[in-house]
Amino acid sequence: MIPTPSPELRAKLLQIEEQLQLAMQDYPERLALDRLKFVLALAKFVRHQIDIDATAEQTSPPLGAVRPTTRQ
């Protein structure tokens, strides 16, 4: 299982997103803008995946845990 990322990693991804959005405003040329949009989308995807993984880790049972079964 993937270890839980540190709050510093999540904060750094947010900082990258903010800086990319500022760069897109400053450099609106077509090619540069396309590249910035791609990197921004990638940073958002990684941050979102980290959030999903953290949520799944909190709700999943520990490894080796036995689930109760019902017998009829």
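For clarity, every value in this text was computed on a predicted model and none was experimentally measured.

The rules behind these values
Residues numbered from 1 in each chain as written. Predicted model: local features only at pLDDT ≥ 70, side-chain atom pairs only at ≥ 80, totals over all residues. Heavy atoms only, no water. Helix = DSSP H or I, 4+ residues; strand = E, 2+ residues; numbered from the N terminus. Buried < 20%, exposed > 50% of the residue type's maximum accessible area, 1.4 Å probe, protein only. Contact = heavy atoms within 4.5 Å. Areas by Shrake-Rupley, 256 points an atom, 1.4 Å probe, with all protein chains shown as cover. Core = buried A, V, L, I, M, F, W, Y, C linked by side-chain atoms within 4.5 Å. Salt bridge = Lys/Arg side-chain N within 4 Å of Asp/Glu carboxyl O.

Caption draft 1: Focus on the overall build of the protein. When helices and strands are counted, the protein shows 2 helices and 0 strands. Per-residue burial over the protein gives 15% buried out of 72 residues. Taking contacts inside the protein between residues at least 6 apart in sequence as the whole, the part at least 24 apart equals 58%. In the form shown here, the protein has an accessible surface area of approximately 6300 Å², with 61% of it arising from carbon and sulfur atoms.

Caption draft 2: Examining the nonpolar core more closely. Leu20, Ala23, Met24, Leu33, Leu36 and Leu40 form the largest nonpolar core, which has 6 residues in total. Those elements that place two or more of their residues in this core are helix H1 (7–26) and helix H2 (30–59). With sequence-adjacent residues up to four places away left out, leucine 40 is seen in contact with Glu17, Leu20, Gln21 and Met24.

Caption draft 3: Molecular detail of the environment of glutamate 18. Take glutamate 18: it is sitting in helix H1. With 22 residues separating them in the primary sequence, glutamate 18 and leucine 40 have C-alpha atoms 8.8 Å apart.

Caption draft 4: Main features of the pattern of salt bridges. This model, assessed by the stated rule, comprises 2 salt bridges. A salt bridge links aspartate 51 to arginine 10, with the shortest nitrogen-to-oxygen separation between them at 2.8 Å. One end of the pair, aspartate 51, is in helix H2; the other, arginine 10, is in helix H1, and 41 residues separate them in sequence. Assessed through its relative accessible area of 26%, aspartate 51 is described here as partly exposed. Its relative accessible area of 29% is what places arginine 10 among the partly exposed residues. Among the ionic pairs, glutamate 17 bridges to arginine 47, the shortest N-O distance being 2.7 Å. Of this pair, glutamate 17 sits in helix H1 while arginine 47 sits in helix H2, and the two are 30 residues apart along the sequence. Grouping residues by exposure puts glutamate 17 and arginine 47 together as buried.

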